[in-house]
Amino acid sequence: MLTQKQPLLIAAQGIHWSNQRLISVGAQLCLLLLSVVLLSNVIITLGERRLQEDWATQRYSELQAVGTLIADKVSFQQFRTQMFAKSELLNRYLNIPNKERQEKLEDNWAVITKNIPELLDIALFDPQGNFKFATSDDFGHEPLPPSLLGGSRNMGGNEIYTSPLEFSPINGKLEPYLYQLAWLENPDQSIRGYLVTYNSMSKMLKSIKPAYSSSESPLLMLDTQGLVYAGADSRPSLKRVPDTMGGSLKQSYPALWRKMAMSNFGQFHGDNATFVYLKVELTTQYETRREYFLVSYVRNDDIAANFSQWRSILIGGATVLTFLASMLIILSHSYRLEQRSREYSIELANRLFHRDLGCIIVNDNKRVISANQMAAELLALPNDELLDRSLQRILHLEDEDYAQIMEQLQQESEWRGEFDAGSDSQAKLIAHIKTQQRSGKHDPYLLITFEDVTELKKAQHDAHVNQILNDTAVPTALIKADGTLLRTNTAFAEQIQLNECASKKLTEILDPNLGNKWSQILQQIILQGSWKGQVLCSPGSAESACLKATLKGNLDSSGDIEYIVCTFEQATPKNSIHDSGDFVPHRTTILVNLRDLDSYFKSLSQYSRENSSLLLIDITAESMLSHMSDIGQLENRQKEVEIQLLRELPAGYQMSHWQLGKLIIILPDTDADNAHHFAIKSMASLNDMGLGEGICMGIAAYQDNQSLEQYLSNAEVALKRAKQTGEQKICQAFTRLS
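Participant: Would you take a moment to explain the environment of T68 for this structure?
Facilitator: Checked against the element boundaries, T68 lands in helix 1 (residues 19-85). Sequence separation between T68 and V280 is 212 residues; the distance between their C-alpha atoms is 7.9 Å.

Here's what the structure looks like:
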């Protein structure tokens, strides 16, 4: 035993952080932080740019669709203007102008303009280009341009002239519009007049895609000189983009206009927005070639807002990654320092205790850092496998026992106790644990020595077995729970004549029927502590050949049978319980299955059966239904309830298991009232013993020609009522009418 007062571990064996290593750790952490910040910024920038490109691609496709639809609408408007010019009402008026025909023509035009939103007005001009009449007064109705009159024109016949976009104040607001002109000719190609239709460009755009009128997806329409004809009223307005009709993008945003003037389509990434533009043609005729730009944009702030969720996820991930990487750096340095310290400690400890006594040293983490050869032999482990094992694993301790040992070491600095190394073939040891304080304020380490007490424990075990056997004149045997013989005294060997028996099983040496009932016998031993019954009895056998066996159980700490002491005495032979063909057990026997209970029920006389009652008991407390781990607790509670009921069970009554948590009692020659009184008495007895919590009882009386299954089903109905009523825990169902 080591008795030195000075600690075996010196300060050099601990973990020491040098200045050089601290500087190295700090530099690595700074480099890690800088790398994560730069990488996060690059990923966020690339993500926002990718979102901008995706938006631009989608918006360019939409602009192409809008441009195609505008061109189609203008072509349709030309066809519509041509149809108006060829209308029957207009031809009648031109052939014979009068007030009545003019009113009909104006009424017809008014109906048309009312039903077509983008059609603002229809007007008629004379052959000299002077205004005659129109459906409204929204336009100035100045004379037509000379270039469209008479012989100076290059178009005619069925051709339709489409004007450039212009503005006109309508209802106090500038309205962008274009007009289309149709020549009304006589058969000799002389001019009869001119028909003009006025169409709103803003209403045309809204009918094509209403969403473009919102601020989230603005749409601008500009001519080739940069003047804004549509979309300037989007709110909130964008800096450097005109916010009034007729404003010039060429003057407000020259960089964007230069980009647009150099190509027919493309993208432009500005300081506060990304623009997408496309040049479209409203008509492709030589004289009426009209080209305009469709422009849409998205604010960089909107892109950043849409990317904010991913930015938060990325920043959170980068923070977690930085923390984990920092911990990895620190732990890697600590691991290297600890490995060096551990190697030094092992080398030093190996030189300190080479002796015949088994010794190990456990560090402050309760792991073995050194062990001598004797300790390895006693623990039946190679020295290399013993190192770095936890103390709890070496001593094979449960968490609760290990915690008690650690608490005692903190209070008394010493502990002594017995343990084995895990199997019957290994040594039984006594461990002596002492705490040794290290220099400074470090946690103490443990010095453990082992003593081999295997032979002593075997001698104590033999003495204990012999004491249990108690060799007397009474035939006595010590057996295991499976019926195997361990020890017998001389009287038992002479009585049973063991020398002539090849088997060592008590269930095979004695009555063969004993093996069939062995599980029931074990259960009764657990519940009542003992079992009594006749063995070696047969019809016509002598009295000296009939024995009465008493089996008394010896339970371990967990409540299971460790040993059974079997004693014999002479008994008077009596009829076997199986002679009648029915199994009629003693009233204190608990039947383990429904088949045995059915046999007992059929063995009753007809009068006892017809006047019987059945009691179904549910012993499951509500607190035991929360988890599957409560099954063991429910089994222990069921045993306690069974023992209490058996103590007061009247003669002739029979108890049986049905399900886990449910018991059945057959009450022969008992009417419903007496059965109810018995249930009340049993409930009071259980309450006095503190076992009445959650117990409910259902009572059923026997009905004519009823099987046990039907009998039990009626009792189950009563049990369900007892559970539902709340305060009343006993209910009856299908009781006989007296």
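Participant: For this particular structure, what's the right way to read unusual backbone geometry?
Facilitator: The backbone phi angle of K366 is positive, close to 60 degrees, even though this residue is not glycine. Here K366 is to be found in the loop between strand 12 (358-362) and strand 13 (368-371). The class for K366 is partly exposed, based on a relative accessible area of 23%.

Participant: What is the right way to read the sheet that holds strand 14 (residues 414-420) from this model?
Facilitator: Backbone hydrogen bonds hold the strands of a sheet together, and the pairing may be parallel or antiparallel. The strand order 13-12-16-15-14 describes an open sheet built from five strands, whose pairing is antiparallel. Since the sheet does not close on itself, it has two edges, and those belong to strand 13 and strand 14, each with one partner. Between one strand and the next, the sheet's axes are offset by a mean angle of 25 degrees, whatever the strand orientation. In this structure, strand 15 (residues 428-436) lies alongside strand 16 (residues 445-452), joined through eight bridges in antiparallel fashion. Residue pairing in the sheet places H432 in a bridge with T449 of strand 16. Relative to the sheet, helix 12 (residues 399-412) contacts strand 14, strand 15 and strand 16, its axis offset from that of strand 14 by approximately 155 degrees.

Participant: Would you explain the environment of L51 in this entry?
Facilitator: Among the structural elements, L51 can be located in helix 1. Classification of L51 by relative accessible area gives partly exposed; the value is 29%. Separated by 252 residues in sequence, L51 and I303 have C-alpha atoms that sit 7.0 Å apart. Not counting residues within four places of it along the chain, the set of residues in contact with L51 comprises I303, N306 and F307.

Participant: Would you take a moment to explain the sheet that holds strand 25 (residues 662-667) for this structure?
Facilitator: Strands sit in the order 22-24-25-23-26-27 across an open sheet of six strands; the sheet is mixed. Pairing within the sheet leaves two strands with one partner each, and these edge strands are strand 22 (590-591) and strand 27 (730-733). Relative to strand 24 (residues 654-659), strand 22 runs parallel, the two being bridged by two bridges. Among the inter-strand pairings, I590 is bridged to a residue of strand 24, identified as M655. Sheet contacts for helix 21 (residues 672-688): strand 23 (613-618), strand 25, strand 26 (696-701) and strand 27; angle to strand 26, the most-contacted strand, approximately 165 degrees.

Participant: Can you walk me through the packing of helix 20 (residues 631-647) against helix 21 in this structure?
Facilitator: Each packed pair of helices is defined by two parameters, the angle between the axes and the distance between the axes. Two numbers describe how helix 20 lies on helix 21: the axes approach to 10 Å, and their chain directions differ by 125 degrees. Between helix 20 and helix 21, the crossing angle belongs to the class labelled oblique. Of the two possible hands of crossing, helix 20 and helix 21 adopt the one that is right-handed. On helix 21, the residues that touch V641, Q644 and L645 of helix 20 are S682, S685 and L686. Looking at the contact of helix 20 with helix 21 residue by residue, the class counts come to three nonpolar, three polar and no charged.

Participant: Help me understand helix 18 (residues 594-603) in this model?
Facilitator: Within helix 18, burial applies to D596, L597, D598, Y600 and F601. N-capping of helix 18 is provided by N593, with a side-chain oxygen placed 3.2 Å from the backbone N of R595.

Participant: Mind showing me how you'd approach the pattern of salt bridges here?
Facilitator: Pairs can form between side chains of opposite charge whenever their charged atoms are close. All chains considered together, the criterion is met by eleven salt bridges. A salt bridge links E118 to K73, with the nearest nitrogen and oxygen atoms 3.9 Å apart. Of this pair, E118 sits in the loop between helix 3 (99-115) and strand 1 (119-125) while K73 is found in helix 1, placing the two residues 45 residues apart along the sequence. The shortest N-O distance in the salt bridge between E291 and K279 comes to 4.0 Å. Of this pair, E291 sits in strand 11 (residues 290-299) while K279 sits in strand 10 (residues 273-283), and the two are twelve residues apart along the sequence.

Participant: So what exactly am I meant to see when it comes to the pairing of strand 23 here?
Facilitator: Within a regular strand, side chains alternate between the sheet's two faces. Of all six residues making up strand 23, six are buried, and the element is well covered by its neighbours. On strand 23, burial covers both faces: S613, L615 and I617 on one face and L614, L616 and D618 on the other are all buried. Relative to strand 25, strand 23 is paired through six bridges, and the arrangement is antiparallel. Bridge pairing in strand 25 places L616 opposite I664.

Participant: Explain the packing of aromatic side chains to me, please; I cannot follow it from the model alone.
Facilitator: Centre-to-centre distance and the angle between the planes together describe a pair of aromatic rings. Tallied over the full model, the rule gives 22 aromatic pairs. With centroids separated by 6.0 Å and ring planes inclined at 50 degrees, the aromatic side chains of Y179 and Y198 adopt a geometry described as tilted. Residue Y179 is found in strand 5 (residues 173-185), and its partner Y198 is found in strand 6 (residues 191-200); the two are separated by 19 residues along the sequence. By relative accessible area, Y179 is classed as buried at 11%. We classify Y198 as buried; its relative accessible area is 7%. By way of ring pairs, the aromatic residues F139, Y161, Y177, Y179 and Y198 are connected into one cluster. The ring centre of Y253 lies 4.1 Å from the NZ or CZ of R240, which sits over that ring.

Participant: I'm lost on the confidence of the model for the protein chain in this one. Help?
Facilitator: A low pLDDT means the predicted coordinates there should not be read in detail. Averaged over all residues, the pLDDT of the protein chain is 80; the fraction at 70 or higher stands at 83%. When the criterion is pLDDT under 50, residues 211-215 qualifies, and its contacts beyond four places in sequence or with other chains add up to twelve contacts.

Participant: Help me understand the pairing of strand 7 (residues 220-223), please; the structure alone is not making it clear to me.
Facilitator: With burial as the criterion, each face of strand 7 is covered, one bearing L220 and L222 and the other bearing M221 and D223. Bridge count for strand 7 against strand 11 is four bridges, and the pairing is antiparallel. From the neighbouring strand, D223 faces strand 11, where its bridge partner is Y292. Bridge count between strand 7 and strand 8 (residues 228-230): two bridges; the pairing is antiparallel. Bridge pairing links L222 to V228 in strand 8. The hairpin formed by strand 7 and strand 8 contains four residues between the paired strands, and G226 there has a positive phi angle of roughly 90 degrees.

Participant: Sorry if this is basic, but what is going on with a nonpolar patch on the surface here?
Facilitator: There is a patch of nonpolar side chains on the surface, built from V320, F323, L324, M327 and L331 and spanning about 490 Å² of accessible area. Position of M327 relative to the elements: it lies in helix 8 (residues 308-352).

Participant: Explain the side chain of D121 here, please?
Facilitator: Examined against the element boundaries, D121 turns out to sit in strand 1. There is no salt bridge for the buried D121, and the closest opposite charge comes from K203, which lies 12 Å off by N-O distance. Separated by 3.2 Å, the side chains of D121 and S136 make a polar contact. Excluding residues that lie within four positions of it along the chain, D121 makes contacts with T113, A134, T135, S136, F139, H141, V196, T197 and Y198.

Criteria and cut-off values
Residues numbered from 1 in each chain as written. Predicted model: local features only at pLDDT ≥ 70, side-chain atom pairs only at ≥ 80, totals over all residues. Heavy atoms only, no water. Helix = DSSP H or I, 4+ residues; strand = E, 2+ residues; numbered from the N terminus. Buried < 20%, exposed > 50% of the residue type's maximum accessible area, 1.4 Å probe, protein only. Pairing = 2+ DSSP bridges. Axes fitted to C-alpha atoms, helices over the stretch in contact; angles between N-to-C directions. Contact = heavy atoms within 4.5 Å. Parallel < 35°, antiparallel > 145°, perpendicular 65-115°, else oblique. Left-handed = near helix turned anticlockwise from the far one by under 90°. Nonpolar A, V, L, I, M, F, W, Y, C, P; charged D, E, K, R; others polar. Polar contact = N/O pair within 3.5 Å; in protein donor to acceptor, adjacent residues only side chain to side chain. Salt bridge = Lys/Arg side-chain N within 4 Å of Asp/Glu carboxyl O. Phe/Tyr/Trp six-rings, centres within 6.5 Å; stacked < 30°, edge-to-face > 60°. Lys NZ or Arg CZ within 6 Å of the ring centre and 35° of its normal. pLDDT = per-residue confidence, 0-100. Patch = residues over 30% accessible without salt bridge, like charges linked within 9 Å, V, L, I, M, F, W, Y side chains within 5 Å. Areas by Shrake-Rupley, 256 points an atom, 1.4 Å probe, with all protein chains shown as cover. Lys, Arg positive; Asp, Glu negative; His and termini not counted.

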